[in-house]
Amino acid sequence: MKRPSLYDRVALARDLEQHGLKRGDVATLVDTVPHPSGGPEGLVLEVSNALGESLQVVIVSSDDVDPLRADEVFAVRELTRTA
């Protein structure tokens, strides 16, 4: 996979249950964090609602995101937050 650039939109490749996020949710890459022992790079993602308002910032492994593709469309779902 090509490394995403800053401010690229990416799709989550797995559920992040602790954040109420699901595979396929779209986020914006806002920063990168090197792995302390040479593992996959960390990505700082900003998650926004359907209106573009920032909801949360999460840090995931570069293995946890997929690039967006031209043959995909957006869908809307209600965010379910865990306690």
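Residues numbered from 1 in each chain as written. Predicted model: local features only at pLDDT ≥ 70, side-chain atom pairs only at ≥ 80, totals over all residues. Heavy atoms only, no water.

Engineer: How should the overall build of the chain be read in this particular structure?
Structural biologist: Each helix and strand counted, the chain has 0 helices and 5 strands in total. In terms of C-alpha radius of gyration, the chain reaches 13 Å, essentially the compact-globule figure of 12 Å for 83 residues. Across its three principal directions, the C-alpha atoms of the chain cover 35 × 35 × 20 Å. A total of 83 residues make up the chain; the buried ones form 24% of that total. (Helix = DSSP H or I, 4+ residues; strand = E, 2+ residues; numbered from the N terminus. Rg over C-alpha atoms; globule rule 2.2 N^0.38 Å. Buried < 20%, exposed > 50% of the residue type's maximum accessible area, 1.4 Å probe, protein only.)

Engineer: Help me understand the pairing of strand 1 (residues 9-12), please; the structure alone is not making it clear to me.
Structural biologist: For a regular strand, the rule is simple: side chains alternate between the two faces of the sheet. In the sheet, strand 1 pairs with strand 2 (residues 26-33) via 3 bridges, with the strands oriented antiparallel. Looking at the pairing, Arg9 lines up with Thr28 of strand 2. Direction of pairing for strand 1 relative to strand 5 (residues 65-67): antiparallel, over a ladder of 3 bridges. Paired with Leu12 across the strands is Val65, a residue of strand 5. (Pairing = 2+ DSSP bridges.)

Engineer: Can you help me understand the pairing of strand 2 in this one?
Structural biologist: Of the pairings in the sheet, the one linking strand 2 to strand 3 (residues 42-48) comprises 5 bridges and is antiparallel in character. When the bridges of strand 3 are listed, Asp31 appears paired with Val44.

Engineer: Could you clarify how one ought to interpret the nonpolar core in this entry?
Structural biologist: Generally speaking, soluble globular proteins have nonpolar side chains that are buried together. Membership of the largest hydrophobic core is limited to 12 residues, which are Val10, Leu12, Leu16, Leu21, Ala27, Leu29, Leu43, Leu45, Val47, Val58, Val60 and Val65. If sequence neighbours within four positions are ignored, Leu12 has contacts with Leu21, Lys22, Arg23, Gly24, Asp25, Leu45, Asp64 and Val65. (Core = buried A, V, L, I, M, F, W, Y, C linked by side-chain atoms within 4.5 Å. Contact = heavy atoms within 4.5 Å.)

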